[in-house]
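# A look at the structure
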Amino acid sequence: MSDLTVTIAQSRDAILERIGAAAKTAGRPAGAVTLVAVSKQQPDERIDAMIATGQRVFGENRVQEAQTRWAHRRAGLPDLELRLIGPLQTNKADAACALFDVIETLDRDRLAAALAKAMARTGRRPRLYVQVNTGREAQKSGVEPADAAAFVERCRAEHGLEIEGLMCIPPEAEPASLHFALLNKLAGACCVEKLSMGMSADYPLAIRLGATSVRVGSALFGARPAA
Ligand SMILES: *Cc1c(COP(=O)(O)O)cnc(C)c1O
């Protein structure tokens, strides 16, 4: 095995161990939390080393970049699960449905309508998460916390979509715990089971506050190279 393969495997093992420990602290089974390996902007050799460890759930934030990275790898990996964790434009809904197994950034009615049509056209139904802008930041996507339950209800009743969970990206300058706790509370109001929250800096905390999946990039692969 190459040095890189060993390094990547060790880093993944360490993170899986911390995930297991945090889940245990929260009184949940280790398998209750999915590790999403955020592969955006990472070099090919790190991605292939990660695949070699057995990791099968990956997150990407751009449709086109994900197509370039994953279209050819997909064929040899029947159990691959690709998650879109970045903003989605309505004109890319077909491409996103064709490529992704999970879309975590549904945040407006126009996109819900576009995804419903894209699902009918492509015959694929990715699982869906609604992104909530828990920090109400102008530059960030996501529905307002106060609108989340009504939006999820419209997705179900008007757009015919199943919503699996909620996702958030807390503001960098605030304690993440407040945002994780808010998302957890909203999950109850929205009648969803799954919570996508927590990144490299705070995933154990997110798990203690109810995360069912954590999106970890740099702590897993190493820092993303400057573009
Ligand atoms: C990049 C990204 C991550 C991973 O960030 P790290 O700090 O590298 O773990 C998680 N979630 C989203 C939405 C991202 O864009």
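For the structure itself, look to the data block above.
Notes on the structure in this doc start here. (Residues numbered from 1 in each chain as written. Predicted model: local features only at pLDDT ≥ 70, side-chain atom pairs only at ≥ 80, totals over all residues. Heavy atoms only, no water.)

### Observations regarding the side chain of Thr-134
Formally: The numbering of helices and of strands both runs from the N terminus, where a helix is a DSSP run of H or I of at least 4 residues and a strand a run of E of at least 2. When a residue's accessible area, from a 1.4 Å probe over protein chains only, is under 20% of the maximum for its type it is buried; when over 50% it is exposed; and in between it is partly exposed. Any pair of nitrogen or oxygen atoms within 3.5 Å is treated as a polar contact; in protein, a donor-acceptor pairing is required on top of that, and neighbouring residues in sequence qualify only through side-chain atoms on both sides. Contacts between residues were defined by any pair of non-hydrogen atoms, one from each residue, lying within 4.5 Å.
Mapped onto the secondary structure, Thr-134 falls in the loop between strand 5 (127-131) and helix 6 (148-157). Assessed through its relative accessible area of 8%, Thr-134 is described here as buried. A polar contact is formed between the side chain of Thr-134 and the side chain of His-179, at a distance of 2.9 Å. Those residues in contact with Thr-134 that sit more than four places away from it in its chain are Pro-145, Cys-168, Pro-170, His-179, Leu-182 and Leu-183.

### A closer look at unusual backbone geometry
A positive phi angle, near 60°, is found at Gln-41, a position not held by glycine. By the element assignment, Gln-41 lies in the loop between strand 1 (34-38) and helix 2 (44-52). In this structure, Arg-136 is a non-glycine residue whose phi angle is positive, near 50°. Summarising the element assignment, Arg-136 is placed in the loop between strand 5 and helix 6.

### What to know about the environment of Thr-5
Assignment of secondary structure puts Thr-5 in helix 1 (residues 3-25). For Thr-5, a relative accessible area of 17% puts it in the buried group. With 48 residues separating them along the chain, Thr-5 and Thr-53 place their C-alpha atoms 7.9 Å apart.

### Remarks on the pairing of strand 2 (residues 57-60)
Defined as follows: At least two bridges found by DSSP between two strands is the condition for calling them paired. Clockwise travel from the first strand over the helix to the second, with the strands pointing away from the viewer, marks a crossover as right-handed.
Neither face of strand 2 is exposed, since Val-57 and Gly-59 on one face and Phe-58 and Glu-60 on the opposite face are all buried. Where strand 2 and strand 3 (residues 81-84) come together, four bridges link them in parallel fashion. In the sheet register, Val-57 faces strand 3, and the bridge partner there is Glu-81. Crossover handedness for the path strand 2 to helix 3 (residues 63-74) to strand 3: right-handed.

### Remarks on the packing of helix 2 against helix 3
The angle between the axes and the distance between the axes are what describe a pair of packed helices. Put simply, the rule reads: Interaxial angle, 0 to 180 degrees, is taken between N-to-C directions of lines fitted to C-alpha atoms, where a helix line uses only the stretch in contact. Here roughly perpendicular refers to angles of 65 to 115 degrees, roughly parallel to angles under 35, roughly antiparallel to angles over 145, and oblique to all remaining angles. Left-handed describes a crossing whose near helix is turned anticlockwise from the far helix by less than a right angle; the clockwise case is right-handed. Residues are grouped as follows: Ala, Val, Leu, Ile, Met, Phe, Trp, Tyr, Cys and Pro are nonpolar; Asp, Glu, Lys and Arg are charged; every other residue, Gly included, is polar.
Running from N to C, helix 2 and helix 3 cross one another at 40°; their axes reach a closest spacing of 12 Å. Considering the angle they form, helix 2 stands oblique to helix 3. At the point where helix 2 passes helix 3, the crossing takes the right-handed sense. Mapping the contact onto sequence places Asp-44, Ile-47, Asp-48 and Ile-51 in helix 2 and Arg-69, Trp-70 and Arg-73 in helix 3. Grouping the amino acids of the contact of helix 2 with helix 3 by side-chain chemistry returns three nonpolar, no polar and four charged.

### Details of the site of the ligand
Our working definition: Nearness of a residue to a molecule or strand requires only that one of the residue's heavy atoms be within 4 Å of it. Only the protein chains shown count as covering a residue, and every accessible area follows the Shrake-Rupley method with a 1.4 Å probe.
The ligand sits among Val-38, Lys-40, Ile-85, Ile-169, Met-199, Ser-200, Arg-215, Val-216, Gly-217, Ser-218 and Arg-224. One nitrogen or oxygen atom from the side chain of Arg-215 is found 2.9 Å from a nitrogen atom belonging to the ligand. Taking Arg-224, its side chain carries an N or O atom lying 2.8 Å from an oxygen atom of the ligand. Expressed as a share of its isolated accessible area of 390 Å², the protein-covered part of the ligand is 89%. When its residues are assigned to classes, the shell around the ligand shows five nonpolar, three polar and three charged.

### Structural notes on the packing of aromatic side chains
The line we're drawing: Only Phe, Tyr and Trp rings take part, Trp by its six-membered ring, and two of them pair if their centres are within 6.5 Å. Stacked means planes under 30 degrees apart, edge-to-face means over 60, and tilted covers everything else. Charge over a ring is defined by NZ of Lys or CZ of Arg lying within 6 Å of the ring centre and within 35 degrees of the ring normal.
Throughout the structure, instances matching the rule amount to one aromatic pair. The interplanar angle of 45° and the centroid separation of 4.6 Å between the aromatic rings of Phe-58 and Trp-70 together place this pair among those described as tilted. Of this pair, Phe-58 sits in strand 2 while Trp-70 sits in helix 3, placing them 12 residues apart in sequence. Under the relative-accessibility criterion, Phe-58 is labelled buried at 0%. Positioned above the aromatic ring of Trp-70 is the side chain of Arg-73, whose terminal nitrogen or guanidinium carbon lies 5.9 Å from the ring centre.

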